[in-house]
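The chain contents come next:
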Amino acid sequence: DVLPAEVVYLSHTASTGSYVDTNSNGIPDRWNIASLGAQAVATLTISVRAANVTAPSTAINTATLTAWTGENFYTGNDSATVSTSITPSPLLSVTRFASAAQANPGQVIRYNIYVSNIGYSTATTVLAVDALSPFTAFRLNTFGAGQHLSFTQGSPSSTLVMGAPQYSSNGGATFTYVPVSGGGGAPAGFDGNVTHVRIPFTGSMPGGGSNFTLTYDSVVE
């Protein structure tokens, strides 16, 4: 049983005999059974996982047998094939943009975080986490009262819905912090204690380039 290229070998269990690597590539391919009596049954169980693929594919696994003594007079059932369809996983890409390549203390920088599903399959239960620079303070109410961040849906359309942002003041260990104006000694309207922002999303994000953008401001301290 030579495994198809679309899968990755993990392990195997043989009820008898040995499943060996004849190609010296770390992947077993031949099951040797010393003997098999009349009406006897031997079982080989192989565990694999799907390989990383970028397009739908089919893993076709064919096992063949040979009786070395030449005593197998009927060969019509000496091979068997099974096919398994493999659907690629979503592939999320993230890019971060800043409104300034250089900034001075007191200058506000706008960050745009662009997330795109460039894979084939739909992504669900998306969770975005952003680590803020320790040299900036997070701006509050940028997009209205209590609206510290902006969520812009891209195209092709998706059903993603942004949940309530969550904030950390301890390097992302917990996300229970509530930002306050002047927090951490920051100027009014900013919070210097915020180290991470986490945004959960519900809904789905189709493959093929579906995207969204998160936007927030920080001030250089």
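The structure contained in this document is the topic of the report that follows. Just so you know, these numbers come straight off a predicted model, no measurement behind them.

Tallying secondary structure elements over the protein chain gives 0 helices and 18 strands in all. Whereas a compact globule of 221 residues would reach a radius of gyration of roughly 17 Å, the protein chain reaches 28 Å, over 25% beyond that. Counting only C-alpha atoms and orienting by the principal axes, one finds that the protein chain spans roughly 90 × 35 × 30 Å. When burial is assessed residue by residue, the protein chain has 29% of its 221 residues classed as buried. Considering only contacts within the protein chain whose residues lie at least 6 apart along the sequence, 70% involve residues at least 24 apart. Within the structure as shown, the protein chain displays about 12900 Å² of accessible surface, and the carbon and sulfur contribution to it stands at 53%.

Next up on the list: the pattern of salt bridges. Per the stated rule, a full pass over the model turns up 3 salt bridges. Residues Asp130 and Arg96 are paired through a salt bridge, measuring 3.1 Å at the closest nitrogen-oxygen approach. Note that Asp130 is positioned in strand β10 (residues 127-131) and Arg96 in strand β7 (residues 92-98), a separation of 34 residues in sequence. By relative accessible area, Arg96 is classed as partly exposed at 39%. Note that Arg110 and Asp217 form a salt bridge whose closest N and O atoms lie 2.7 Å from each other. Taken together, the residues span a long stretch of sequence, with Arg110 in strand β8 (residues 108-117) and Asp217 in strand β18 (residues 210-220) at a distance of 107 residues. Judged by its relative accessible area of 34%, Arg110 is partly exposed.

Regular strands have side chains that alternate between both faces of the sheet. Covered by surrounding structure in β10 are Ala128 and Asp130 only, the residues Leu127, Val129 and Ala131 on the alternate face being uncovered. Bridge count for β10 against strand β16 (residues 196-202) is 5 bridges, and the pairing is antiparallel. Residue Leu127 lies in a different strand from β16, and its bridge partner there is Pro200.

Attention now moves to the layout of surface pockets. Taking a probe equal in size to a water molecule and rolling it over the atoms shows the remaining empty space. By volume, the largest pocket is sized at about 1400 Å³. For the largest pocket, the lining is made up of 43 residues, of which Trp31, Ile33, Thr64, Leu65 and Thr66 are closest to its centre. Mapped by element, the contributors of at least two residues to the lining of the largest pocket are β3 (30-32), β4 (44-50), β5 (57-64) and β6 (79-86). Residue composition of the lining of the largest pocket, grouped by class: 23 nonpolar, 14 polar and 6 charged.

Now for the pairing of β8. Across 7 bridges, β7 lies against β8 in antiparallel orientation. Its bridge partner lying in β8, Ala98 is registered against Tyr111. Judged from the 10 bridges that link them, β8 and β18 form a sheet pairing that is antiparallel. The partner of Tyr111 across the bridge, within β18, is Tyr216.

A word on the nonpolar core. Of all hydrophobic cores here, the largest spans 23 residues; its most connected members are Phe138, Val197, Phe201 and Phe212. When contributions to this core are tallied by element, the ones reaching two or more residues are β8, β16 and β18. Beyond its immediate chain neighbours, meaning those up to four positions away, Val197 contacts Ala128, Val129, Asp130, Leu132, Phe138, Leu149, Gln166, Tyr167 and Phe175. By size, the runner-up hydrophobic cluster in this structure holds 6 residues, among which are Leu3, Tyr19, Ala59 and Ile86.

What follows deals with the side chain of Thr215. Inspection of the secondary structure puts Thr215 in strand β18. On the basis of relative accessibility, which here comes to 7%, the residue Thr215 falls in the buried class. Among the polar contacts listed, one links the side chain of Thr215 to the side chain of Asn112, at a separation of 2.5 Å. For Thr215, the residues in contact, after removing those within four places along its chain, are Arg110, Tyr111, Asn112, Phe143, His148, Leu149 and Ser150.

Scoring rules and cut-offs
- Residues numbered from 1 in each chain as written.
- Predicted model: local features only at pLDDT ≥ 70, side-chain atom pairs only at ≥ 80, totals over all residues.
- Heavy atoms only, no water.
- Helix = DSSP H or I, 4+ residues; strand = E, 2+ residues; numbered from the N terminus.
- Rg over C-alpha atoms; globule rule 2.2 N^0.38 Å.
- Buried < 20%, exposed > 50% of the residue type's maximum accessible area, 1.4 Å probe, protein only.
- Contact = heavy atoms within 4.5 Å.
- Areas by Shrake-Rupley, 256 points an atom, 1.4 Å probe, with all protein chains shown as cover.
- Salt bridge = Lys/Arg side-chain N within 4 Å of Asp/Glu carboxyl O.
- Pairing = 2+ DSSP bridges.
- 1 Å grid on protein atoms, 1.4 Å probe; cavity = no way out; pocket = protein on both sides within 12 Å on 5 of 7 lines; lining within 4 Å.
- Points joined across faces, edges and corners; volume = space filled by probe spheres on them.
- Nonpolar A, V, L, I, M, F, W, Y, C, P; charged D, E, K, R; others polar.
- Core = buried A, V, L, I, M, F, W, Y, C linked by side-chain atoms within 4.5 Å.
- Polar contact = N/O pair within 3.5 Å; in protein donor to acceptor, adjacent residues only side chain to side chain.

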